[in-house]
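# Observations on chain architecture
Listed below are the residues making up each chain.
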Amino acid sequence: MGQLGLDADAEAVYRILLKRPRAGVAEIAEGLDWPVERARHTLDRLAELTLVRKSSEELGKVRLVNPEFGLAGLLQRRERELAQHQQAVAATRLAITQMLTEYGDDSGAQTDEVRRYTGLDAINSQIERLAQGAESSVEVFAPGGAQTEAALEAARPLDQAAVERGVDVRYIYLDSVRNDPATLHYARWLDEIGGEVRVLPQLPPRMIIFDRRAAIVPIDPEAAARGVLILRGAGVVTALVSLFRETWARAQPLCGSRAATVDPDGLTRQEQAVLDLLFEGHTDEVVARKLGVSVRTGRRITADLMARLGARSRYQAGALAMERGWLGRSVRTGADADEDMAGDESGHDGAAPSAPAAEGAAGG
């Protein structure tokens, strides 16, 4: 009940009042083996939460507010707080996007550490140049679900050449690529020739890191036409490498068992991701895009989760999921991957880029 504002003391006293609504301070203190002052302080806390009120009949005692209304009131209050949090997250996301857009539009920002490229031909040329010059690693986020046939075929020679040169090539795809035969075939092919492929229910925007010295990111992940930035600054590239490593540690091998992705509460990793995305205030359309599934599939998953939670609204689902500890699981680190990354300083993963990378890096 902590998510509703009831700490352990408040919950203990409230449970006693549910069984003995007319219990006084002394009786509560005796029942819990507490000092009287502790019981009195806790009753004051329950009064602040509008779960109890002063008795009009017995001096020094309280009466229990009908739990159906008292707890519902707390839940509604929490729902309002969640709504405000979601609005704040959305506003912050918009502000960051606007700042990045202004930065990308500033011709003075074009430096040796930051270069902007627009147009698929120019972007593909840069990707090919960096891929062919990679000596140790190429690391790629490949969101968007199914990749186009043209993109996959353009990437194939670059990936193969990189692996043959002894470059560590690692991709992280969305888990939904398992449902696309062409992308799944490509990912398995890459795994077979010596690359490494893992999957997650959701991913950050597309990104390619070369030798942990240069990174390609979209100017605007939602608008491919705006182009990409090639970053070479040590600070920002180091941060992106850390992001990749943390994401890789949470991801699961493509060829691993899908059954292992169900947690003790029966939630799949995809369902965990949906809960987190809904809590952040994303629409059905955005949730579906981030998972690489259809809007219809995304809505089906949401409806199933709401039914399991017994929620009548998305806000209530968020509050109930938080109360059960279901939120935030999609960003926890997988222990099985930590050991794999330990001591690996060569920089891994990320397919030898190419057109798919170009499309992704451009936000496609």
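Residues numbered from 1 in each chain as written. Predicted model: local features only at pLDDT ≥ 70, side-chain atom pairs only at ≥ 80, totals over all residues. Heavy atoms only, no water.

### A few points about the environment of Trp 248
Relative to the helices and strands, Trp 248 is located in helix α8 (residues 234-250). Each C-alpha atom, one on Trp 248 and one on Glu 139, is 9.8 Å from the other, the two residues being 109 residues apart in sequence. (Helix = DSSP H or I, 4+ residues; strand = E, 2+ residues; numbered from the N terminus.)

### Quick look at the side chain of Arg 212
Mapped onto the elements of the fold, Arg 212 is located in the loop between β7 (207-210) and β8 (214-218). Exposure remark for Arg 212: the relative accessible area of 17% places this residue in the buried category. (Buried < 20%, exposed > 50% of the residue type's maximum accessible area, 1.4 Å probe, protein only.)

### Description of helix α6 (residues 149-164)
Along its 16 residues, α6 runs 23 Å from first to last C-alpha, staying within 8% of the 22 Å computed at 1.5 Å per residue. Among all positions in α6, only Ala 151, Leu 152, Ala 155, Arg 156, Leu 158, Asp 159, Ala 162 and Val 163 are buried. Backbone geometry just downstream of α6 places Gly 166 in the positive-phi region, at approximately 90°. (Expected span 1.5 Å × (residues − 1).)

### A few points about the pattern of salt bridges
Close approach of charged atoms lets side chains of opposite charge pair. Per the stated rule, a full pass over the model turns up 14 salt bridges. Arg 170 is the partner of Glu 196 in a salt bridge, and the nearest nitrogen-oxygen pair spans 2.9 Å. Note that Glu 196 is positioned in strand β6 (residues 196-200) and Arg 170 in strand β5 (residues 168-174), a separation of 26 residues in sequence. Judged by relative accessible area, Glu 196 falls into the partly exposed class, the value being 28%. The class for Arg 170 is buried, based on a relative accessible area of 3%. Notably, a salt bridge pairs Arg 299 with Glu 285, separated by 3.0 Å at the nearest N-O pair. Here Arg 299, found in helix α11 (residues 295-309), pairs with Glu 285, found in helix α10 (residues 284-291); they are 14 residues apart in sequence, far enough to count as distant. (Salt bridge = Lys/Arg side-chain N within 4 Å of Asp/Glu carboxyl O.)

### Considering the packing of helix α2 (residues 25-32) against helix α3 (residues 36-48)
Contact geometry for α2 and α3: axes closest at 8 Å, N-to-C directions at 115°. The angle between the axes of α2 and α3 places the two elements in the roughly perpendicular class. As for the relative orientation of α2 and α3, their crossing is right-handed in sense. Along its contact with α2, which presents Val 25, Ile 28 and Ala 29, the element α3 presents Val 36, Ala 39, Arg 40 and Leu 43. Residue classes in the contact of α2 with α3 are distributed as six nonpolar, no polar and one charged. (Axes fitted to C-alpha atoms, helices over the stretch in contact; angles between N-to-C directions. Parallel < 35°, antiparallel > 145°, perpendicular 65-115°, else oblique. Left-handed = near helix turned anticlockwise from the far one by under 90°. Contact = heavy atoms within 4.5 Å. Nonpolar A, V, L, I, M, F, W, Y, C, P; charged D, E, K, R; others polar.)

### Here's the deal with unusual backbone geometry
Comment: phi is negative for the bulk of residues other than glycine, and the bulk of peptide bonds are trans. For Asp 211, which is not glycine, the phi torsion reads 50° and is therefore positive. Counting through the fold element by element, Asp 211 comes out in the loop between β7 and β8. Its identity as a non-glycine residue notwithstanding, Arg 212 has a phi of 55°, on the positive side.

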